[in-house]
Amino acid sequence: MNQAFDNHSFCGIAMNRRHLALTLVLLVLLGGIPLTQGKSAGIYQQSGGCSCHSQSGTPVATVAITGLPVQYTAGASSTLTITVSNGITGSKGGFSLEVDKGTLSAGMGFAVNVNSAQDSATHSITGSNQRSWSVDWTAPATGSGIATVSVAGLTADGSSGNTGDRWATASYQISETGAAPNTSPSVSNLMLGPSGATTTSTLTLSYTYSDPENDPESGTQIQWFKDEVEQTSLQGLTVSSSATAKGEDWKAIVTPSDGTDPGSPITSNTLTIANSIPSLTTPEIQPTTPTTDDDLSFTSTTSDDDTDAVHYDVRWFLDGVLIPELNDMETLPSYVTRDGDTWSVEARANDSEDVSQWLSSVSVSIGGGQTNTAPTVSDVLLNPTAVYTTDDFSVSYTYGDADGDAEVQSEISWFLNSAPYAFAENSATLPATFTEKGQIWFAKVRVNDGADWSTWTSSPSITVLNSAPVTESISLSHSEAQTTDDIAVAFTMSDIDGDEESDSEITWWRNGIKKSSLTGLTTLPTSSTLKGEIWTVMVKAGDGSDISTTPLSANVSILNSAPTADLALSSNVTALGPLNLVITTADDDDDAVEIEITWYRNGFLEGSLTNETSVPSNLLGPGQTWTAHVLPTDSDATAGQTAIASTSILNIEPVALIDVVTQTIWVGEWVTLDAGQSSDIDGRVAEASWSWIDTEGNTGSDSGFEIQMIPLANTVVTLTVIDDMGDSATTNVQLAVSQGPVLSDFSVEAKGKNVILEWQWDGPNATFNILRNGVLIGTSDGDSFTDTPLFAGENTYLVQPQRDDMPFVAGSSPSQTVLLEPAAVEAPGPSSFGGMISGILFLLIGLAACGFALMGRRD
């Protein structure tokens, strides 16, 4: 059998060696495959995304890493699983992973390669047919700080080209175990501008970054959306005008990061790309020296940044007067002209949404008439020069004409923040309802002498100034206060500019004297007030630039402060007492304080202890609840709040004590144990329970203050006593047993009508109980006993020694059975006495039956 087993084992080893050799050959062949960079064999150090693969595929891909520890422990290893989802349909994919701390290893399988520096991993040729990979990361040494894990994941269409694919990136921060938890940063004041952007505008994103730990901004993600579709190719805070088109809705989502944790993403306002106003060059009338036989036309060039179709709006002027019947005629027929006429044309570009400014041509004269000189305009000014949002302002100018021609007509154009403001066109006055703080305004003016228009002349720019707010109301949190009260001021204001409250002037006055140290505070602290003082607060509301000219004020009177009391009662007090009360009083006004003490036991007043600071032990009992009430009153008879303190009187555990009543302890014999000497100093022992275990594993239990038990070996007895409050105490005693006396040489012999019992006893003096068939039939003080049973037959006898009213168990005799033969006697004759006895018995039985019957009826 052994030889057969050995042969079988040898064959198994040989087979394993052949498999091992085949595995090694396969590993060598796989190791010879060239691991080229890029394409299906992966690429290292490209966790920011692969520029060789376009993002032309849809939908958007998602990459994620699972298995990252929340915090790392130096040298600990974690298995990271990189998964690419969504993106291009199919199973082909890849990834590039980088770590700035710790080391990477490929683990089992051939799907992942790790570079020699062990800080970057990528998919292998084998791993390019899947979209989930695993790599092991070993944490860096202690004190290395935050570790960054970055990954780029690719979903490929399998076309072996660089187009039609989709990739995504992700980055994770892992802090070291024991490092303080990082708080995420946040952004505010997120704004996408400029307002009114057109296709010529560069979109600019601005925001305010903040971090509770003042961590610098690092890794903040900015996502751009056009018409609710993310523009993954756009990054940074600006979008070039070349990327926008009229009518598009743009917004951005900013997710702040401090390099450890990202904050909550915030969405900017939505900016709709507005139409770009078309433009044109100054029109020129052709021919420049017309006759009455020439049609008049003009030349000009239009442009539109939105590539909208553009047409001209045209106005013709004869001797400086508009001829509305000729509007929008780009060619003026000769039959409407006369010799000596002076004609000019105005044109503007119109893309059906917006129009440019009107531009005027140089006037031409028909035939040989005298040529007019265009008028001039100068000293264009805005009045007043300091303008608030409550002010109307107007434009003034000086007219001039070299020919002495009178002013026939003028045109005024208003500009708000450099953009034409059509609502006030040709109005010399701009109403205050059109203006807001911070706006920059200027006007352009041109004049006409009946034949020609002057060039446009601009006024200097003015900025609409801030209007001071008005303090509307003021209130204090208290009209009367104590020195323990903080007093807060609240006020309202109005601001025609719509400004929020900022930098208001708040001053506090004590009894008419200004307290400069409190200037600017909205709350008067308790540390500054004393009883009897009158405080006044004056407020001039501010809007961050100006404060109101008229202040509002409010007053508060400081009243007496009520005293206070703090109480401390003795801890862990038992019925042995005493229970002491420590009182600490205070008064913010430094007044003398008197106290009144009242005691309650279990909720009932204990009148004998009024104004006492301790409770004597004779009044204390376990389980009681004592409560002290202390009422403080100061010298102004002002009572404070009643201070209350309570405590419960603890119960003292009882003392357990075992008294082994039986002096000599024998194996298998009764032992009496007593718990009567157990005590409870603050109550009574209410219960006693026993348990025991001997060296042979036998166990038992009983209850009561005195018990009997039979030890079969050396035994440990445990007593648990419980007092009237439910607390318990335990003690134990070890019972060492010895072999007790045994009744021996027990014999039972039948002799005629008698049974003779004999025995030997090696123990102390004892009384012997004689039991026939388990029933005590007598006792003996010697070593024998004679029994005369009434009936013949088998009887079983047992002799049980007894000492001090306690029978022996193990020392009793074994049971013995004896057969008593019946005696041979002559049959008796009839007996009158026997008949009488029988008759009496039958009579008694009959009477008893009648009695039972009558009793049944009464029931």
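Predicted model, so just to flag it, every value in this text is computed and none were measured. Counting of residues starts from 1 at the beginning of each chain's written sequence and follows it residue by residue. Only residues with pLDDT of at least 70 are given local features in this predicted model, and only at 80 or more are side-chain atom pairs given and counted; all residues enter the totals for whole chains, interfaces and linings. By convention in this description, side-chain values take in all heavy atoms of the structure and omit both hydrogens and water.

(A) Focus on the layout of surface pockets. By volume, the largest pocket is sized at about 1200 Å³. Looking at the largest pocket, it is lined by 36 residues, and the ones nearest its centre are Thr169, Ala170, Ser171, Gly219 and Gln221. Going along the chain from the N terminus, every DSSP run of H or I of four or more residues is numbered as a helix, and every run of E of two or more is numbered as a strand. Counting residues per element, the ones that place at least two in the lining of the largest pocket are strand S1 (61-66), strand S9 (147-155), strand S10 (166-176) and strand S13 (221-226). Broken down by element, the residue count for the lining of the largest pocket peaks at 8 residues, all from S10. Residues are grouped as follows: nonpolar covers Ala, Val, Leu, Ile, Met, Phe, Trp, Tyr, Cys and Pro; charged covers Asp, Glu, Lys and Arg; every other residue, Gly included, is treated as polar. In terms of residue class, the lining of the largest pocket is built from 11 nonpolar, 22 polar and 3 charged. A volume near 620 Å³ is recorded for the second largest pocket. Put simply, the grid is 1 Å and covers the protein atoms alone, a cavity is a trapped set of points that fit a 1.4 Å probe, a pocket is an open set with protein on both sides within 12 Å along at least five of seven lines, and lining residues have an atom within 4 Å of a point. Ile277, Val355, Pro420, Tyr421 and Ala422 are, among the 22 residues lining the second largest pocket, the residues nearest its centre. At 4 residues, the largest contribution of residues to the lining of the second largest pocket is made by strand S32 (residues 409-416). Grid points are joined across faces, edges and corners, and a volume is the space filled by probe spheres set on the points.

(B) Region of interest: the packing of aromatic side chains. Centre distance within 6.5 Å is the pairing criterion for rings of Phe, Tyr and Trp, where only the six-membered ring of Trp is used; planes under 30 degrees apart are then read as stacked, over 60 as edge-to-face, and the remainder as tilted. Counted under the stated rule, the structure contains 15 aromatic pairs. Note on phenylalanine 415 and phenylalanine 442: the rings are 4.8 Å apart at their centroids and 5° apart in plane angle, and the pair reads as stacked. With phenylalanine 415 in strand S32 and phenylalanine 442 in strand S35 (residues 440-448), this residue pair connects regions lying 27 residues apart in the sequence. A relative accessible area of 3% places phenylalanine 415 in the buried class. Clustering of aromatic rings is evident, with ring pairs tying together Phe393, Trp414, Tyr421, Phe423, Phe434 and Trp441. In this scheme, the term charge over a ring applies when either NZ of a lysine or CZ of an arginine sits within 6 Å of the ring centre and within 35 degrees of the ring normal. One cation-aromatic arrangement involves arginine 315 over tryptophan 358; the distance from NZ or CZ to the ring centre is 3.8 Å. Over the ring of tryptophan 453 we find arginine 446; its NZ or CZ atom is 4.2 Å from the centre of that ring. Exposure categories follow from relative accessible area, calculated using a 1.4 Å probe and restricted to protein chains: below 20% of the type maximum is buried, above 50% is exposed, and the middle band is partly exposed.

(C) Fine view of the pairing of strand S40 (residues 487-494). Here strand S38 (residues 470-476) runs beside S40; their pairing, made up of 6 bridges, is antiparallel. Among the inter-strand pairings, isoleucine 474 is bridged to a residue of S40, identified as phenylalanine 491. As defined by bridge partners, S40 adjoins strand S43 (residues 523-524) across 2 bridges and the pair is classed as antiparallel. Bridged to isoleucine 487 within S43 is leucine 524. What makes two strands pair is DSSP finding at least two bridges between them.

(D) Focus on the side chain of serine 548. Following the sequence through the fold, serine 548 ends up in the loop between strand S44 (534-540) and strand S45 (552-559). Looking at serine 548, the relative accessible area reads 3%, which means it is buried. Working rule for contacts: check all heavy atoms of both residues, and any pair within 4.5 Å makes them a contact. Ignoring anything within four residues of it in the chain, the contact list for serine 548 reads Pro469, Val470, Thr471, Lys540 and Ala541.

(E) A look at the nonpolar core. Side-chain atoms within 4.5 Å link the members of a nonpolar core, which is a set of buried Ala, Val, Leu, Ile, Met, Phe, Trp, Tyr and Cys residues. Counting residues in hydrophobic clusters, the biggest one holds 24 residues, and the most contacted among them are Ile82, Phe95, Leu97, Val135, Trp137 and Val151. Where this core is concerned, the elements lending two or more residues are S1, strand S3 (77-86), strand S4 (93-99), strand S8 (132-138), S9 and S10.

(F) Spotlight on the sheet that holds strand S49 (residues 604-605). Strand order in the open sheet formed by 4 strands is S49-S48-S51-S52, and the pairing between neighbours is antiparallel. Lying at the two open borders of the sheet, with one neighbouring strand each, are S49 and strand S52 (643-648). Where strand S48 (residues 593-601) meets strand S51 (residues 625-634), 9 bridges bridge the pair, whose relative direction is antiparallel. By the bridge assignment, valine 593 is partnered in S51 with aspartate 634.

(G) Broad picture of the side chain of glutamate 176. If you trace the backbone, glutamate 176 turns up in strand S10. Salt bridges are absent for the buried glutamate 176, whose nearest opposite-charge side chain, lysine 101, sits at 9.0 Å. Among the polar contacts listed, one links the side chain of glutamate 176 to the backbone nitrogen of glycine 143, at a separation of 2.7 Å. Between N or O atoms, a polar contact is any pair within 3.5 Å; within protein, one atom must be a potential hydrogen donor and the other a potential acceptor, and residues adjacent in sequence are included only when both atoms are from side chains. There is a polar contact of 3.5 Å between the side chain of glutamate 176 and the backbone nitrogen of glycine 145. Discounting residues that sit within four places of it in the chain, glutamate 176 has contacts with Gln71, Tyr72, Ala141, Thr142, Gly143, Ser144 and Gly145. Neither His nor the chain ends contribute to the count of charged residues, in which Lys and Arg are positive and Asp and Glu negative. By definition, a salt bridge exists where a carboxyl oxygen of Asp or Glu is found within 4 Å of a side-chain nitrogen of Lys or Arg.

(H) Just the confidence of the model for the protein, in detail. On average, residues of the protein score 87 in pLDDT, and 89% of them are at 70 or above. Throughout residues 1-38 the model reports pLDDT below 50, and contacts reaching past four residues in sequence, or to other chains, amount to 12 contacts. pLDDT runs from 0 to 100 and stands for how confident the predictor is about each residue. Ignoring residues within four places in sequence, the model shows residues 852-859, a span with pLDDT below 50, making 0 contacts including any to other chains.

(I) The arrangement of the environment of threonine 767 in detail. Structurally, threonine 767 is set in strand S62 (residues 767-772). Each C-alpha atom, one on threonine 767 and one on glycine 782, is 7.9 Å from the other, the two residues being 15 residues apart in sequence. Discounting residues that sit within four places of it in the chain, threonine 767 has contacts with Thr779, Ser780, Asp781, Gln800, Pro801 and Gln802.

(J) Structural view of the sheet that holds strand S54 (residues 671-674). Taking strand neighbours across the sheet as the criterion, the 3 strands line up as S53-S54-S57 in an open arrangement whose pairing is antiparallel. Single-partner strands in this sheet number two, and they are strand S53 (659-660) and strand S57 (706-709). In this sheet, S57 lies alongside S54 in antiparallel orientation, the contact comprising 4 bridges. Counted as the bridge partner of leucine 673 is isoleucine 707 from S57.

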